[in-house]
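Coordinate inspection notes
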Amino acid sequence: MKATKVYEHKKILVLGLAKSGVCAAALLHKLGAFVTVNDSKPLAENKEAQTLLEEGIKVICGSHPVELMDEGFELVVKNPGIPYHNPMVARALELGIPVITEVELAYEVSEAPFVAITGTNGKTTTTTLVYEMLMHGNKQPLIAGNIGTVASGVAQEASKDNHIIIELSSFQLMGVSRFRPKIAIITNLYEAHLDYHGTVEEYHGAKAEITKNQESDDYLIVNADQQKVMEIAESSNAKVIPVSVASELSYGAYLKDGWVYFNDERIISREEIALPGAHNLENILSAVAAAKLSGVENNSIRKVLETFIGVKHRLQYVEEISKRRFYNDSKATNILATEKALAAFSAPIILLAGGLDRGNDFESLIPSLNGVKALVTFGETAEKIADAGKKAGIKTILRADNVEKAVPEAFSVSDPGDIILLSPACASWDQYKTFEVRGDMFIQAVHMLK
C-alpha cells in the first residue's frame, strides 16, 4: 500500500456505511485523517458503526442531520448509492466540499495498476473474463469494485506485481477525481438509472469519467458499434482500442470468418467458445483486448473461453427438472438485459419478470417476447409487464407475490423442453435487498421443486 499523505490531518466525513463505507472509514483513519462517520441506522443496531467507534472514529448514527455539513469538513466520501440530490450531499456541494467515492481512495493507495470496466450491460461478465484470463496468464490479478469486493480494501493488499480488475458503476464513477486506470473498458451505453442521474446525458457523462484522467500511454477499449461510446473515445487522451461484433476492423478485437481476432492475430473460433448468447461476444472481444494488452498469451485466453460458461445471476444455468431447464438471470435489472437474455434461447420460454418501478413502461420489451409462451410477473411492475405481455399476444400470464412463488407457477404451465427463465428487467429493491438475494431465492425455489 502506498503511504499517501493526501488525506493526512484532513477532516473527512464518511456518509453511509455498508461494506464500502466501513472500509473507507478504517482506511482514512489509518492514513491519519480525522474521520466522522454518519449512517442512518441507529447505533444500537449498527455493528459496523460500533466497531468503528471502538477504533476511535467519531460516529453519528440514527439520522442524517444536514447541519453536520457546517462543521468544517474538507472532504466527503459517500456511499455510491446515495444520490447527489440527497440533502447532505447537496449541502456539501453548496459549501464547495469535494464529494468522492471510495474508488478514489483505492486509487490513491494502490501500488497495482487498474483495469477498469464500465458500461450499461456486460460489466460483470467482462470483468470476470478479464480476471480469469489474467489469472491463467499468471498476471496475479485481484478483483474489486461493483462485483462485490470493496476496492479500497483490495488496494491495500495489492503490490506492483498485481493487476486490479475493477467493475465500476456510474454511481461510483461520479465520485472520482484523480482515478486513472491503465486500461479502461466501456462495454456499451444505453438509457439507465435515470431515477438517480435525472438525464441520460448525466448518466453517459458519469460513464465517461472512467477515461478522463487517462494519458497517451494508457488504453481505452470501446465498443465501436455504438456512436455514443465512440464520441467519448474521441475526447480521450488514451490510445483507443476498438472492438466490434458487426465489422472487421483494421486493428483492435473483431470477428472474421467465424473467428475472434485481435489486430491481425487469430485467437479462437466462435465454435470453441463455451459462453452462450450472441450478446456475450461484445464482452468476449473487450476481455480479449484487455488480456492481450496485459501481455496474456493466446493459449491462456483460449483456455478461459473454452470453459467459461458465465457468472452467477447472469444467464446462470441452475439445473434441469423433468426436462425443463432453469436459468437465473437476476442481474438483468433493465429491459435491454432481458431482451438479450431472451435472444439467447431458441426453445419456448416461461419468463419470470418484475421488480422495482422506476416509472418507465415496457413497450420496448414487446418485440422480444415472441418466443415467450407464458409470463409470470411479480413486484411493483407486475401489471405493467403483464400489459406488455398481453400486447405481445402471450396467452398465459400469471401473477405471483414474489420470485419464490413465481417458480412453481412457472413450472405448472411449462412442458418438457421449455426454458424457465428469471430475467426481471427491473431492479430488485422493491422486494429484495440486492439482485443477488433475488437470484438466490430463485435458485432455492428451483431446488425446492424436487
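Structural data are supplied above this passage.
Residues numbered from 1 in each chain as written. Predicted model: local features only at pLDDT ≥ 70, side-chain atom pairs only at ≥ 80, totals over all residues. Heavy atoms only, no water.

1. A short note on the overall build of the chain
- Each helix and strand counted, the chain has 16 helices and 20 strands in total.
- Relative to a compact globule of 450 residues, whose C-alpha radius of gyration would be 22 Å, the chain shows 23 Å and is just as compact.
- Overall, the C-alpha framework of the chain stretches about 65 × 55 × 40 Å when taken along its three principal axes.
- The buried share of the chain, reckoned over its 450 residues, is 56%. (Helix = DSSP H or I, 4+ residues; strand = E, 2+ residues; numbered from the N terminus. Rg over C-alpha atoms; globule rule 2.2 N^0.38 Å. Buried < 20%, exposed > 50% of the residue type's maximum accessible area, 1.4 Å probe, protein only.)

2. With respect to the sheet that holds strand E10 (residues 219-223)
- The nine strands lie next to each other as E7-E8-E6-E9-E10-E11-E12-E13-E14, forming an open sheet whose pairing is mixed. Two strands close off the open sheet at either side, each with one partner strand: strand E7 (141-145) and strand E14 (265-269). Going across the sheet, the axis of each strand differs from the next one's by a mean of 25°, ignoring polarity.
- Pairing of strand E6 (residues 114-118) with strand E8 (residues 163-167), which is carried by four bridges, proceeds in the parallel orientation. By the bridge assignment for E8, Ala 116 is matched with Ile 166. (Pairing = 2+ DSSP bridges. Axes fitted to C-alpha atoms, helices over the stretch in contact; angles between N-to-C directions.)

3. Some thoughts on helix H10 (residues 227-234)
- Restricting attention to buried positions, one finds in H10 the residues Val 229, Ile 232 and Ala 233. Angularly, the buried residues of H10 cover 105° about the axis, an arc narrow enough to put them on a single face. For H10, the exposed residues set more than 90 degrees away from the buried face come down to Gln 227 and Glu 234.
- Structurally, H10 contributes buried residues whose contacts are with strand E9 (183-186), helix H9 (200-208), E10 and strand E11 (239-244). (Arc of directions from axis to C-beta. Contact = heavy atoms within 4.5 Å.)

4. Re empty space enclosed by the protein
- Throughout the structure, instances matching the rule amount to three cavities of 30 Å³ or more.
- What the largest cavity holds in volume is close to 80 Å³.
- For the largest cavity, the full set of lining residues is Asn 121, Gly 122, Thr 125, Asn 188, His 279, Asn 280, Glu 282, Asn 283, Arg 314, Leu 315 and Lys 340.
- Considering each element in turn, the lining of the largest cavity owes the most residues, three residues, to helix H11 (residues 280-293).
- Partitioning the lining of the largest cavity into residue classes produces one nonpolar, seven polar and three charged. (1 Å grid on protein atoms, 1.4 Å probe; cavity = no way out; pocket = protein on both sides within 12 Å on 5 of 7 lines; lining within 4 Å. Points joined across faces, edges and corners; volume = space filled by probe spheres on them. Nonpolar A, V, L, I, M, F, W, Y, C, P; charged D, E, K, R; others polar.)

5. A closer look at the sheet that holds strand E18 (residues 372-378)
- Ordered by their spatial adjacency, six strands build an open sheet running E15-E16-E20-E17-E18-E19, and the pairing between neighbours is mixed. On the outer flanks of this sheet lie strand E15 (316-321) and strand E19 (396-399), each paired with one strand and no other. The sheet shows a mean angle of 20° between the axes of neighbouring strands, taken without regard to direction.
- Here strand E16 (residues 324-328) runs beside strand E20 (residues 419-422); their pairing, made up of four bridges, is parallel.

6. Overview of H9
- Of the residues making up H9, those classed as buried are Tyr 203, His 204, Ala 206 and Lys 207. Buried residues of H9, seen end-on, are gathered within an arc of 155° and therefore sit on one face of the element.
- For H9, the elements touching its buried residues are E6, helix H5 (123-136), helix H7 (170-173), helix H8 (194-197) and H10.

7. Points about unusual backbone geometry
- Unlike most non-glycine residues, Asp 257 shows phi in positive territory, near 55°.
- By the element assignment, Asp 257 lies in the loop between strand E12 (253-256) and strand E13 (259-262).

8. Focus: the pattern of salt bridges
- In the structure shown here, the tally under the stated rule is 21 salt bridges.
- Among the ionic pairs, Lys 182 bridges to Asp 218, the shortest N-O distance being 3.8 Å. Of this pair, Lys 182 sits in the loop between H7 and E9 while Asp 218 sits in the loop between H9 and E10, and the two are 36 residues apart along the sequence.
- Ionic pairing is found between Lys 228 and Glu 231, a salt bridge with its closest N-O pair at 3.1 Å. With Lys 228 and Glu 231 both in helix H10, this residue pair falls three residues apart, about one helical turn.
- Taking relative accessible area as the criterion, Glu 231 reaches 35% and is therefore assigned partly exposed.
- Linked by salt bridges that have partners in common, Arg 180, Lys 182, Asp 217 and Asp 218 make up one network. (Salt bridge = Lys/Arg side-chain N within 4 Å of Asp/Glu carboxyl O.)

9. As for the packing of aromatic side chains
- Applying the stated criterion across every chain yields a total of seven aromatic pairs.
- Between Tyr 107 and Phe 114, the aromatic rings sit 6.3 Å apart at their centres with planes inclined by 45°, giving tilted as the arrangement.
- Sitting over the face of the ring of Trp 259, Arg 266 holds its NZ or CZ atom 3.9 Å from the ring centroid.
- The aromatic ring of Phe 411 is capped on one face by Arg 324, whose charged end is 4.9 Å from the ring centroid. (Phe/Tyr/Trp six-rings, centres within 6.5 Å; stacked < 30°, edge-to-face > 60°. Lys NZ or Arg CZ within 6 Å of the ring centre and 35° of its normal.)

10. A few points about the side chain of Lys 340
- Tracing the backbone shows Lys 340 in helix H13 (residues 335-343).
- Apart from residues no more than four positions distant in its own chain, Lys 340 is found in contact with Asn 188, Tyr 190, His 279 and Glu 282.

11. What about the environment of Lys 292?
- Looking at the element boundaries, Lys 292 is found in helix H11.
- The contact partners of Lys 292, leaving out residues within four places of it in the chain, are Phe 262, Glu 265, Ile 267, Asn 298 and Ile 301.

12. What about the environment of Ala 289?
- Counting through the fold element by element, Ala 289 comes out in helix H11.
- Sequence-wise, Ala 289 and Leu 369 are 80 residues apart; in three dimensions their C-alpha atoms are separated by 33 Å.
- Ignoring sequence-local partners within four residues, the contact set of Ala 289 consists of Ile 221, Ile 241, Val 243, Ala 253 and Phe 262.

13. Observations concerning the nonpolar core
- With 48 residues, the main nonpolar core has Tyr 7, Leu 28, Val 37, Val 77, Ile 164 and Ile 166 as its most contacted residues.
- Excluding its chain neighbours within four sequence positions, the residues that come into contact with Val 77 are Ile 12, Leu 13, Val 14, Leu 15, Ala 24, Leu 28, Ile 100, Thr 101, Glu 102 and Leu 105.
- Leu 255, Ile 267, Leu 281 and Ile 284 belong to the second largest nonpolar core, which has 35 residues in total. (Core = buried A, V, L, I, M, F, W, Y, C linked by side-chain atoms within 4.5 Å.)

14. A few points about the environment of Ser 269
- By secondary structure assignment, the location of Ser 269 is in strand E14.
- Looking at Ser 269, the relative accessible area reads 9%, which means it is buried.
- With 80 residues separating them along the chain, Ser 269 and Leu 189 place their C-alpha atoms 27 Å apart.
- When near neighbours in sequence (up to four residues on either side) are disregarded, Ser 269 contacts Gly 258 and Trp 259.
- Of the polar contacts made by the side chain of Ser 269, one reaches the side chain of Glu 272; its length is 3.0 Å. (Polar contact = N/O pair within 3.5 Å; in protein donor to acceptor, adjacent residues only side chain to side chain.)

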